Amino acid sequence: MTGFNRTNPPTAGRHNATWTSAFLLLLALLQLALVPVLNGRDVELAPLFRVDSLGLLFGTAWTLTLATISIPLVRQSEVRMSGLFLGLIGVDLLVCAYAHNMVVLAVGWGMAGVGIWASQNVPGTCSKTNWAIFNAVGPAVIIAILAVATGFPIFAPPAGGVAEPWPAVAVMGGALVGAFTVSGGFRDGRERDKNEGANAPLTALYALIAPYILAKMLVTAPWHPVGAWLLVLFGMLTLLIGGYQAYVAYVSQEQQGHRPFSYALVGMALVGFGIAANSPLGAAGATWVMLVGLPWIVARWWRWAEIATLVAVVPGLWMLSQAALDTGYGVVAALLLPAYVLVAALTFFRRYETSLGWRWPVTLAVVLSLLAAALPQVVVEAMLKPAVRTMAGGVGALTTVGIEWGVGMLVRTAQGTVPAALPATGMGLAVFLAAVVLYWLKQLAGRATRQTGGDTQAE
């Protein structure tokens, strides 16, 4: 145990970080190689795993995000085997992504939680970390109880095309997994050391994974109407809690962690999946929030880079608002945008932690976020539609979203009318042209100022 407690030398830390990131990138590339093989089909691997578009999308996104943040995490970690833990966490996340049934999902979730706890805690402090270990395995325990209570269901579309809806208790169990994951902390409340800020992206990633259980449940069956209503209510409460936490931290001038914004993203995802049984647009919006929220984990240390990741969530918020209006949740549609703007603004103006000094992943996160915000139709066609199609047990086909490649997205009714549109590409082009014009005007003004100053000195 003595050798296990020693911190990493700088050279060993860089070496371990490189190998860990390379392993996680390899996992992501292997998943991408399955895209042409699957061709929209689902493949069952023994009785434990099922490869489909939903798992492929999130499994790849999670491992890429983990590979991106692994280098600074390993370099700054006090745990000697943190690189090994991160590699195992990547494998555990794939177990969650491709789980064929709820028991396998519980196992993967619990192993990932324990791995995150182990990567953040130096051994020798076990007497102080009982609550942190409970937080790590708590969501997995809820999933296991849910599996027993619902008869060990599998995550596969119903053979006859229609399935019995999930009972309201099961729906709330899935919501509790999300709430427990985002609210729990892996460090003991009495431990607030300098390493907590460095480990924040790992716990933020784990929090944003939480609503995935609801997406897997929709693969099998829809919600009970009461369960759907309760899920939407629970999601709105989670979003408002995030806004309250962000406000309190801002007023008290305390250093904010990831938790307020994680609450907001998880809350919006819960709302979207709650509406999904009645509006496929809700499932698309929830999937967007979970997916596009990942770059924020990478860019959250750089104030101006974070703007792009905050803006990238807006198309998903637009889809959620339209789904809420379509299904009669007018109050939800009215509160979503103001609540998110409040959380995003308070998150942007918070007291910032010290950056990790690793800039190329931030550049990549900003580029991907800007592309998603300016070209949402590409994300919808290439990623969201296959993922929503996988939730065939509880979500219909995503046919209400129209794509205008030169402008953006629009919503079509059954009568063919267009009640709402998101001209994201057009606005992005306008912003780009305005930025180019302002850049050249600035250059011309600077040249004119220098010439005027030179003439004055000559006189």
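The structure this text deals with has already been given above.
Trainee: Even after reading the chapter, I still don't get the overall build of the protein, so can you show me in this structure?
Mentor: Secondary structure summary: the protein contains 20 helices and five strands in total. Long-range pairs, those at least 24 residues apart, make up 79% of the contacts in the protein between residues at least 6 apart in sequence. When the accessible area of the protein is evaluated, it comes to approximately 20,100 Å², of which 69% is carbon and sulfur surface.

Trainee: When you look at the pairing of strand β3 (residues 401–404) in this model, what are you seeing that I'm missing?
Mentor: Sheet faces and side chains relate simply in a regular strand, where the side chains alternate between the two faces. Summarising the sheet, β3 and strand β4 (residues 408–411) pair through four bridges and their orientation is antiparallel. Of the residues in β4, the one forming a bridge with G402 is L410. Counting the residues that bridge the hairpin from β3 to β4 gives three residues.

Trainee: Would you take a moment to explain helix α6 (residues 102–120) for this structure?
Mentor: Since the α-helix advances by 3.6 residues per turn, residues separated by three or four positions end up pointing in the same direction. In this model, α6 (19 residues) spans 27 Å end to end at C-alpha, consistent with the 27 Å of a helix rising 1.5 Å per residue. Most of α6 sits out of view: 15 of its 19 residues are buried. The residue sitting at the N-terminus of α6 and contributing the capping side-chain oxygen is N101; that oxygen lies 3.1 Å from the backbone nitrogen of V103.

Trainee: In this structure, what is going on with the packing of aromatic side chains? I would like to understand it.
Mentor: Both the distance between ring centres and the angle between the ring planes are used here to describe each pair of aromatic rings. Summed over all chains, the structure comprises six aromatic pairs. Where W109 meets Y206, the ring centres are 6.4 Å apart and the plane angle is 65°; that geometry is what we call edge-to-face. Residue W109 is located in helix α6, and its partner Y206 is located in helix α9 (residues 195–209); the two are separated by 97 residues in the primary sequence. Judged on exposure class, the residue W109 and its partner Y206 are both buried. Members of the aromatic cluster, joined through ring pairs, are F58, W62 and Y212.

Trainee: Would you explain the packing of helix α8 (residues 168–183) against helix α12 (residues 259–275) in this entry?
Mentor: When two helices pack together, their arrangement is given by the angle between the helix axes and by the axis-to-axis distance. Their axes nearest at 10 Å, the elements α8 and α12 cross at an angle of 170°. One finds that α8 runs roughly antiparallel with respect to α12. Where α8 abuts α12, its residues A175, G178, V182 and S183 lie against R259, S262, Y263, V266 and L270. Among the residues forming the contact of α8 with α12, the class breakdown is five nonpolar, three polar and one charged.

Trainee: How do you make sense of unusual backbone geometry when you look at a structure like this?
Mentor: Negative phi values dominate among residues other than glycine, just as trans dominates among peptide bonds. In this structure, F152 is a non-glycine residue whose phi angle is positive, near 55°. Within the element layout of this structure, F152 appears in the loop between α7 (130–149) and α8.

Trainee: What am I meant to see in the environment of L34 here?
Mentor: Within the fold, L34 resides in the loop between α2 (10–32) and α3 (35–38). In sequence terms L34 and V51 are 17 residues apart; their C-alpha atoms lie 9.1 Å from each other.

Trainee: Please explain α12 as it appears in this structure.
Mentor: The terminal C-alpha atoms of α12 lie 24 Å apart, and with 17 residues this matches the ideal 24 Å at 1.5 Å per residue to within 8%. Judged by how many residues are buried, α12 sits mostly within the fold: 16 of 17 residues are covered.

Trainee: Whenever I open this one, the sheet that holds β3 confuses me. Can you help?
Mentor: Within a sheet, each strand pairs with its neighbour through backbone hydrogen bonds, oriented either parallel or antiparallel. The sheet built from three strands is open, its strands ordered β3-β4-β5 with antiparallel pairing. In this open sheet, the two edge strands, each paired with only one partner strand, are β3 and β5 (420–422). Strand-to-strand twist across the sheet, computed as the mean angle between neighbouring axes with direction ignored, equals 20°. The pairing of β4 with β5 spans three bridges and is antiparallel. Considered in β5, the bridge of L410 is made with A421. Contacting β4 and β5, helix α16 (residues 314–326) crosses the sheet at an angle of about 170° to β5.

Criteria and cut-off values
- Residues numbered from 1 in each chain as written.
- Predicted model: local features only at pLDDT ≥ 70, side-chain atom pairs only at ≥ 80, totals over all residues.
- Heavy atoms only, no water.
- Helix = DSSP H or I, 4+ residues; strand = E, 2+ residues; numbered from the N terminus.
- Contact = heavy atoms within 4.5 Å.
- Areas by Shrake-Rupley, 256 points an atom, 1.4 Å probe, with all protein chains shown as cover.
- Pairing = 2+ DSSP bridges.
- Expected span 1.5 Å × (residues − 1).
- Buried < 20%, exposed > 50% of the residue type's maximum accessible area, 1.4 Å probe, protein only.
- Polar contact = N/O pair within 3.5 Å; in protein donor to acceptor, adjacent residues only side chain to side chain.
- Phe/Tyr/Trp six-rings, centres within 6.5 Å; stacked < 30°, edge-to-face > 60°.
- Axes fitted to C-alpha atoms, helices over the stretch in contact; angles between N-to-C directions.
- Parallel < 35°, antiparallel > 145°, perpendicular 65-115°, else oblique.
- Nonpolar A, V, L, I, M, F, W, Y, C, P; charged D, E, K, R; others polar.

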